[in-house]
Amino acid sequence: MPDFTPWPEQEAARYRALGYWRGQTFGAWLRELAGKHGPRVAVVAGDRGLTYTELDHAADRLAAGLSGLGLRRGDRVVVQLPNDIVFLEAVFALFRLGVLPVFALPAHRETEIAHLVEHSDATAYLTTRELEVPSKARVLHADALPYGDPGTQDGPQPGDVAFLQLSGGSTGLPKLIPRTHDDYLYSVRASAGICGLDTGTVYLCALPAAHNFPLSSPGVLGVLHAGGRVVMAPRPTPDVAFPLIERERVTVTALVPPLALVWLRAAARTSHDLSSLRLLQVGGAKLAAETARQVRPVLGCRLQQVFGMAEGLVNYTRADDPDDIVETTQGRPISPHDELLVVDPAGRPVAPGDVGELLTRGPYTIRGYYRDADPAAFTEDGYYRTGDLVRLTPSGHLVVEGRAKDLINRGGEKVSPEEVESHLLEHPAVLDAAVVEVPDAYLGERTCAFVVPNGPPPSAAEIRSFVRSRGLAEYKVPDRVEIVAAFPSTGVGKTSKRELRAALRAAVRGGQ
Ligand code: J2J
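These numbers come from a predicted model, not from an experiment.

(A) Representation of the packing of helix α2 (residues 26-37) against helix α4 (residues 85-97) in the model. At their nearest, the axes of α2 and α4 sit 7 Å apart, and the two run at 120° to each other. Here α2 is positioned oblique relative to α4, judged by the angle of their axes. Here Phe26, Gly27 and Leu30 of α2 lie close against α4, whose contacting residues are Phe92, Phe95 and Arg96. Tallied by class, residues from the contact of α2 with α4 come to 4 nonpolar, 1 polar and 1 charged.

Next up, the structure:
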């Protein structure tokens, strides 16, 4: 079983010839950045900061220390760290060794971490004492990492997988996404260019740094590419973020739509000086046009919509797009070599402007998941089936209209109904379970678990605390629980989620 599905040689050759894949690893890239921007501050967290030179040296010394612990090229390490300097030190140290970070989120708990450790055969779990959950893996604590004397290690190749990112996953458990040095660096460089980053950029990393959006769109890595400064925010809420914007004169940040709403409300009555902000990126879930239109008047900065996915394809609205496009579309692809198809359920292209499922392939979109999990997510000719329903405007911009996949987007946090259902079915009083989304003004969508009891019905609180006790991230705990006698079924006897959603909408309208 190959760990990773390579691009066909012909495509790879083309991406190299185009200068997209430059044959550079992350380790070499950081060395080059240190050469160009050495004394500039690369990252700030709390009252600590590191220059580019210091970050480069820290990565070398930590790589040596980790090598001393026996970590070797090709190994996997689950990394679960808060937004802090150690995140960058650890990730670059692992990159230098050719050890693959598996990017867990701070919200993950023991069930998710156990799955990541097992599925990636991880040799270690690198985390902080605050975030650590019980695990069978060897634990490396962020406050006790070994820094050694740099030696020469047998590093990775640019075409190797650099790390494993997590999929939003419509199947039960998150799938792992293998991204190579070559392909990811291309998306980072191109994103930094599109977003106009330079040495004057000060980026507030408010979302969890390991997520693909704040990591690479253009995110932390894009800012380093431009010689700018990353400011790590321990939390994304205005009480933490606004003072940091004022203190560090932050120019760019990235948020999910619910946070953008919270910021807009708080900014209208803040005493903090937010005037340094030039650009607010919003992505991860659909941004309402009404919210989009408030960004400039309230925050005094430009808006950029970002529609991306850890599997690859990222779309941005551009600085020179008319306001209407920025407010009502989710942008257009990074690369002229991103290939997009909008297809009907039979896989045939829809008429221009019609809604269909988005398929994509290109220079930074994977051709298969780690160890070929879920091959059906790719077409025979290598397109990734995004599961997103979109339409293309005459200007070539994408508008996200819905989903073809069974996934709930809870304000940018992705919840797989199948995963939550599998836990609900473990409850002794549950005969059957179905999880669907409920429209929500703040999060866009919340989750509702419909439960058929097999005896005296359990209470909603009982169901929720049961899911929590299974060691799942809090955002997966159903927001609402409905006990029903039976499920409506489709013609073929499957539970009709469509009817459950309709019942919920009727209940919401009825004020229940
Ligand atoms: C509607 N749906 C969106 C948007 C993502 C940049 C930005 C976001 C992600 C991300 C990312 C959306 N409007 N603006 O990786 O680099 C939904 C789609 C998509 C899924 C991917 C990046 N932006 N989505 O959100 O891997 O359904 O990546 O397929 O977490 O989020 O989720 P994820």
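(B) Main features of the sheet that holds strand β22 (residues 430-440). The strand order β22-β23-β24 describes an open sheet built from 3 strands, whose pairing is mixed. Only two strands of the sheet have a single neighbouring strand rather than two, namely β22 and β24 (480-483). Averaged over all pairs of adjacent strands, the angle between their axes in this sheet comes to 25°, without regard to strand direction. Pairing geometry for strand β23 (residues 444-453) and β24, over 4 bridges, is parallel. By the bridge assignment for β24, Phe450 is matched with Glu482. Helix α13 (residues 417-424) contacts β22 and β23 of the sheet and is inclined by roughly 145° relative to β22.

(C) Examining unusual backbone geometry more closely. Looking along the chain, the bond that leaves Ser217 and enters Pro218 is cis, with omega of -20°. Locating Pro218 in the fold gives a position in the loop between α7 (212-216) and α8 (219-226). Phi is positive for Asp372, which is not a glycine, with a value near 55°. For Asp372, the position within the fold is in the loop between β17 (356-361) and β18 (384-392).

Reading guide: rules and limits
Residues numbered from 1 in each chain as written. Predicted model: local features only at pLDDT ≥ 70, side-chain atom pairs only at ≥ 80, totals over all residues. Axes fitted to C-alpha atoms, helices over the stretch in contact; angles between N-to-C directions. Helix = DSSP H or I, 4+ residues; strand = E, 2+ residues; numbered from the N terminus. Parallel < 35°, antiparallel > 145°, perpendicular 65-115°, else oblique. Contact = placed C-beta atoms within 7 Å. Nonpolar A, V, L, I, M, F, W, Y, C, P; charged D, E, K, R; others polar. Pairing = 2+ DSSP bridges.

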